[in-house]
Amino acid sequence: MDTWKEAATAAKPARGPLAGLRILELGHFVAAPFATRLLADLGADVVKIEPPGGDPVRQWGEQANGRSPWWSMHARNKRCIALDLKHPGARAVVLRLASGADALVENFRPGQLDKLGLSEAALREARPGLVISRISGFGQDGPYRDRASFGVIGEAMGGLRYLTNHPPEDTDLPPSRVGISIGDSIAGLYAAFGVMAALWQRDRAGGAPGPFTLDVALTEAMLSMMEGTLPEYGVFGTIREPQGSRIKTAAPTNAYPTRDGKWLLIAANSDPLFRRLARVIGRPDLADDPDFAANPGRLRNVARLDAIIADWSRGFDAAEADRILTQADIPSTLCFNAADIAADPQYRARGMVQELDDPQIGRVLHAGIVPHVPEAPGAIRWTGPAIGAHTDEILGEAGFDEAEIGRLREEGVVR
């Protein structure tokens, strides 16, 4: 074998379209680790460098045996090495690992890696063709470059938090959070997409060095998801306002109350669908009513229309109403909670809910792998590992002998 990367690939064969790809993660919290988890799920060998105390996400959320169930999925399929990046001896270790990697993904504040001696120039000297994906709050330049940020800041400045609120006339509460770290995850998606685009371009050029540096900002990742919000303002000067559970462009689409106190989503917002819905709810006359027959009229009279549909939905338990609408081929669903997701036959059939044995916490449920690649499916090879679980293995593959590894551990460089 010519390189430690080839040795690792031979020793731990992976499944999926990215098998054989080596990714080095210098990430913490959510954004960069989410990007690399997507790549690992599709077969990439992800080596995660984390501090001796572990990534902070290990302590987030409810704990089982002192460990986070979220971590079980967040770090699955990754090999973890515990390395103190602030120790002077860490730089040589990182550069050795980078020398065998295809890409590096990080989400430190701009300039932080430079202070640790891990500038782009140093990394590319170790590996000329290395793709470097940098995720930060505001990007690597601009007047906000050095401002502190988390995903919630990106969500707010990108415009999402303004729109996830209830309409101003309905509440004086602060803008609602989505409920997950969506800003970080969207940035991670863009980073993963960018890594694959850069690697394709590199390989298309016959492996010629880039440089290929990806600059992903949380704020910009969110802004790019905001559909017509900015174009509408540019053309009409209008500011898109919170819509609650409705959408601005079509009706009826809303959440409707049911007899058992649940909410049912109904999206019958095309003319044929609305005509079908009108028959189902016992009001076929609505399809010919000038106020409701076409979408513009339904939007003008949406409050009255929603009240009519809600009168019907309140007469049924949510599951029964959903069954009736499904039989009529009208898009509908209950608002799923975690228990609903875990029991859903569609998710189970496609492997999107998987029961796994985690050595650290026992039986656990994971979301499956997206996208499905039937010809070369990825796999959940292992759950999120313990701190430093693969330190010796990774260093050995990189050419460090037992004595060197022992010395690094004694000096506090690795755990």
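Residues numbered from 1 in each chain as written. Predicted model: local features only at pLDDT ≥ 70, side-chain atom pairs only at ≥ 80, totals over all residues. Heavy atoms only, no water.

### Remarks on the overall build of the chain
Now for step 1: Per the secondary structure count, the chain includes 19 helices and 11 strands.
Now for step 2: Summarising its shape, the C-alpha atoms of the chain cover approximately 85 × 50 × 45 Å along the three principal directions.
Now for step 3: Out of the 415 residues belonging to the chain, those deemed buried represent 46%.
Now for step 4: In the chain, 68% of the contacts between residues at least 6 apart in sequence involve partners at least 24 apart.
Now for step 5: Total accessible area on the chain stands at roughly 20300 Å², and carbon and sulfur atoms take up 56% of it.
Now for step 6: Within the chain, one finds 46 positive and 53 negative side-chain charges whose respective centroids are separated by 1 Å. (Helix = DSSP H or I, 4+ residues; strand = E, 2+ residues; numbered from the N terminus. Buried < 20%, exposed > 50% of the residue type's maximum accessible area, 1.4 Å probe, protein only. Contact = heavy atoms within 4.5 Å. Areas by Shrake-Rupley, 256 points an atom, 1.4 Å probe, with all protein chains shown as cover. Lys, Arg positive; Asp, Glu negative; His and termini not counted. Charge placed at Lys NZ, Arg CZ, Asp CG, Glu CD.)

### Observations concerning the pattern of salt bridges
Now for step 1: Summed over all chains, the structure comprises 34 salt bridges.
Now for step 2: Across the pair R79 and E397 runs a salt bridge, and its minimum N-O distance is 2.9 Å. Of this pair, R79 sits in strand β3 (residues 78-82) while E397 sits in helix α18 (residues 391-397), and the two are 318 residues apart along the sequence.
Now for step 3: A relative accessible area of 1% means that R79 is categorised as buried.
Now for step 4: Measuring nitrogen to oxygen at the nearest pair gives 3.0 Å for the salt bridge that ties E120 to R134. With E120 in helix α6 (residues 120-126) and R134 in strand β5 (residues 131-136), this residue pair connects regions lying 14 residues apart in the sequence.
Now for step 5: Take R134: its relative accessible area is 6%, and that puts it in the buried class.
Now for step 6: What you see here is one network of salt bridges that share partners, running through R22, D45, R79, E393 and E397. (Salt bridge = Lys/Arg side-chain N within 4 Å of Asp/Glu carboxyl O.)

### Things to note about the environment of L299
Now for step 1: Relative to the helices and strands, L299 resides in helix α13 (residues 295-300).
Now for step 2: Put simply, L299 and I266 are 33 residues apart on the chain and 15 Å apart in space, counted from C-alpha to C-alpha.
Now for step 3: Leave out the neighbours within four places in its chain, and L299 touches I247, K248, T249, A250 and A251.

### Quick notes on the sheet that holds strand β9 (residues 332-334)
Now for step 1: Taken together, the 3 strands give an open sheet; going across it, the order is β7-β8-β9, and neighbouring strands pair in antiparallel fashion. Across the chains shown, the open sheet's two edge strands, defined by having one partner strand only, are β7 (253-257) and β9. Neighbouring strand axes in the sheet, compared pairwise and without regard to direction, differ in orientation by 25° on average.
Now for step 2: Note that β7 and strand β8 (residues 263-267) share 5 bridges and pair antiparallel. Pairing of P257 across the sheet is with W263, part of β8. (Pairing = 2+ DSSP bridges. Axes fitted to C-alpha atoms, helices over the stretch in contact; angles between N-to-C directions.)

### What to know about the packing of helix α2 (residues 31-41) against helix α9 (residues 182-204)
Each pair of packed helices can be summarised by the angle the axes make with each other and by the distance between the axes.
Now for step 1: Where α2 meets α9, the axes come as close as 7 Å, and the angle between the chain directions of the two elements is 50°. Between α2 and α9, the angle falls in the class oblique. Crossing hand, α2 versus α9: right-handed. Contacts between α2 and α9 pair A31, F34, A35, L38 and L39 from the former with D184, S185, G188, L189, A191, A192, V195 and M196 from the latter. (Parallel < 35°, antiparallel > 145°, perpendicular 65-115°, else oblique. Left-handed = near helix turned anticlockwise from the far one by under 90°.)

### Notes on a nonpolar patch on the surface
Now for step 1: Residues Y144, F150, V152, I153 and M157 make up a contiguous nonpolar surface patch of roughly 440 Å² in combined accessible area.
Now for step 2: Mapped onto the secondary structure, I153 falls in helix α7 (residues 151-157).
Now for step 3: Note on I153: relative accessible area 31%, which makes it partly exposed. (Patch = residues over 30% accessible without salt bridge, like charges linked within 9 Å, V, L, I, M, F, W, Y side chains within 5 Å.)

### Here we look at the pairing of strand β10 (residues 353-358)
Now for step 1: Judged from the 6 bridges that link them, β10 and strand β11 (residues 362-367) form a sheet pairing that is antiparallel. Paired with L356 across the bridge in β11 is V364.

### Examining the sheet that holds β5
Now for step 1: What the 6 strands build is an open sheet, ordered β3-β2-β1-β4-β5-β6; its pairing is parallel. Pairing within the sheet leaves two strands with one partner each, and these edge strands are β3 and β6 (212-217). Each neighbouring strand pair of the sheet contributes to a mean axis angle of 20°, computed without reference to strand direction.
Now for step 2: With 6 bridges joining them, β5 and β6 adopt parallel strand pairing. In the strand pairing of β6, I135 is matched with V216.
Now for step 3: Packing of α2 onto the sheet brings it into contact with β1 (22-26), β2 (45-50), β3, β4 (103-106) and β5, and relative to β1 it is tilted by some 165°.

The quantities given are spatial measurements derived from coordinates; they are silent on function.
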